[in-house]
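Fold and contact review
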There are 2 protein chains.
Amino acid sequence: MQKIKYTAFIVSSIDGRISKDRRGVVDWASDEDWNFLQSSLAKMDAVIVGSNTYKVSKERLEKRNTIVLTSKVKKVRSVGSITFCNPQHVDIGSFITEKGYTKVAILGGPKVYDFFLESELLDELFVTIEPVIFTAGIPMVTGKKFKKHNFTLVAVKKLNKKGSLLLKYKKI
Amino acid sequence: MQKIKYTAFIVSSIDGRISKDRRGVVDWASDEDWNFLQSSLAKMDAVIVGSNTYKVSKERLEKRNTIVLTSKVKKVRSVGSITFCNPQHVDIGSFITEKGYTKVAILGGPKVYDFFLESELLDELFVTIEPVIFTAGIPMVTGKKFKKHNFTLVAVKKLNKKGSLLLKYKKI
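Everything numeric in this text was worked out from a predicted model, so none of it was measured.

Thresholds, definitions, all that
Residues numbered from 1 in each chain as written. Chains lettered and ligands numbered in written order. Predicted model: local features only at pLDDT ≥ 70, side-chain atom pairs only at ≥ 80, totals over all residues. Heavy atoms only, no water. Contact = heavy atoms within 4.5 Å. Buried area = accessible area lost by both parts, 1.4 Å probe. Salt bridge = Lys/Arg side-chain N within 4 Å of Asp/Glu carboxyl O. Polar contact = N/O pair within 3.5 Å; in protein donor to acceptor, adjacent residues only side chain to side chain. Helix = DSSP H or I, 4+ residues; strand = E, 2+ residues; numbered from the N terminus. Buried < 20%, exposed > 50% of the residue type's maximum accessible area, 1.4 Å probe, protein only. Pairing = 2+ DSSP bridges. Patch = residues over 30% accessible without salt bridge, like charges linked within 9 Å, V, L, I, M, F, W, Y side chains within 5 Å. Areas by Shrake-Rupley, 256 points an atom, 1.4 Å probe, with all protein chains shown as cover. Lys, Arg positive; Asp, Glu negative; His and termini not counted. Charge placed at Lys NZ, Arg CZ, Asp CG, Glu CD. Phe/Tyr/Trp six-rings, centres within 6.5 Å; stacked < 30°, edge-to-face > 60°. Lys NZ or Arg CZ within 6 Å of the ring centre and 35° of its normal.

A few points about the interface of chain A and chain B
If you look at the interface, chain A gives 41 residues, while chain B gives 41 residues. Surface buried jointly by chain A and chain B totals about 3300 Å² across both partners, of which 69% is contributed by carbon and sulfur atoms. Broken down residue by residue, the surface that chain A buries against chain B is led by A:Ile133, A:Thr135 and A:Phe146, which jointly contribute 21%. Seen at the junction of chain A and chain B, the total is zero salt bridges. Joining chain A to chain B, the criterion identifies 14 residue pairs in polar contact (both at pLDDT 80 or more). When residues of the side of chain A that touches chain B are traced back to their parent elements, those giving at least two are β2 (17-19), α4 (110-118), β8 (124-129), β9 (132-133), β11 (149-158) and β12 (165-171) of chain A.

Digging into unusual backbone geometry
Residues and elements named next belong to chain A. Omega for the bond connecting Gly-108 with Gly-109 falls within 30 degrees of zero, at 0°, which places this linkage in the cis form. Relative to the helices and strands, Gly-109 resides in the loop between β7 (103-106) and α4. Positive phi, close to 65°, is recorded for Thr-135, a residue that is not glycine. Along the chain, the position of Thr-135 falls in the loop between β9 and β10 (138-139).

A closer look at the pairing of strand β1 (residues 5-12) of chain B
All names here are of chain B. Taken across its eight residues, β1 has seven buried, putting it largely inside the fold. Here six bridges tie β1 to strand β8 (residues 124-129), and the two strands are oriented parallel to one another. Bridging across to β8, Phe-9 finds its partner in Phe-126.

Examining a positive patch on the surface
Residues and elements named next belong to chain A. A contiguous patch of positive charge on the surface is contributed by Arg-22, Arg-23, Lys-55, Lys-58, Lys-72, Lys-111 and Lys-144. Note that Lys-144 resides in the loop between β10 and β11. Residue Lys-144 is classed as exposed on the basis of its relative accessible area of 86%.

A few points about the packing of aromatic side chains
Residues and elements named next belong to chain A. Within this structure, the stated rule accounts for 18 aromatic pairs over all chains. An angle of 40° between the planes, with centres 5.4 Å apart, marks the rings of Tyr-6 and Phe-116 as tilted. Remark: Phe-116 occurs in helix α4 and Tyr-6 occurs in strand β1 (residues 5-12); sequence separation between them is 110 residues. Exposure remark for Phe-116: the relative accessible area of 0% places this residue in the buried category. What links up through ring pairs into an aromatic cluster is the set Tyr-6, Phe-115 and Phe-116. A cation over a ring is seen here: Arg-77 above Phe-84, with NZ or CZ 5.4 Å from the ring centre. Cation over ring: Lys-171 sits above Phe-151, and NZ or CZ is 5.1 Å from the ring centre.

What to know about the side chain of A:Ser30
As for its position among the elements, A:Ser30 is in the loop between β2 and α1 (31-41). Among residues more than four places away in sequence, those in contact with A:Ser30 are A:Glu130, A:Asn160, A:Lys162 and A:Ser164.

Now the structure itself:
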């Protein structure tokens, strides 16, 4: 049985904010980050999102094998390529294994990133830091308490002239 | 009259957190970041901090020309090399000009960084991103509302093997 590889993708401001509010559409990120994300997702078997991220990206996610983590269902419920799962009741790893997926992208939001950190499933992380400070808004990751999740930086790439910076980390 | 140059220094987790809580001592940052900060501060005329940052770094700041921004004084009050200023009542720029300082370091915390962004005084920013995610804690910058402060990335330096990354930005 092949191990599942979980890769998180995040685009953030310098100060670690990913949108203005919960319904925030990411219209401030660079085209270069967008292109990187799209070409990366093309190589993935499935994507995982939370219900807010699902709401703002519904149309685009319909093209993909999408797992929506939500507390609003008890059993697994599928509509087309979209599957709604409650991680309190369903073992996500087993579900993904059954489906035969091995390359899975985690696309947020903050609680979903935290879930994969806390359950020690996350393998790698791509963060694009756009050269902007927001001073307020939704933080990249939201957990219940302060904790130290260690990574190693494995690659750095400047995506454009203004300095959108793509960082690749591996979980230790 | 020489223009004053304001440079902010920040050490942060990947998710934009700078400490566990308000009294948080930064004991998790790399030695390489610490060495960079110390050698940078040696070239500065003065440092500016908020009252919480002052409290946790009191002894080290006593060696430097330090301006503490605080709402707890009305007039400027000096004790040795430490000066307490209320930015509501005192024009920081004029005060620094009078003192003859031209290279000024902004050392935080979150509201102090925001103050220099909001007043459009900040010229450049050094951010060291340590390869760790905290999921909770104090955010790098805290403003009253979501706003877009644009920067350009001018330099990237990997400080050590695990990948503490020093980024230099200029304000646009």
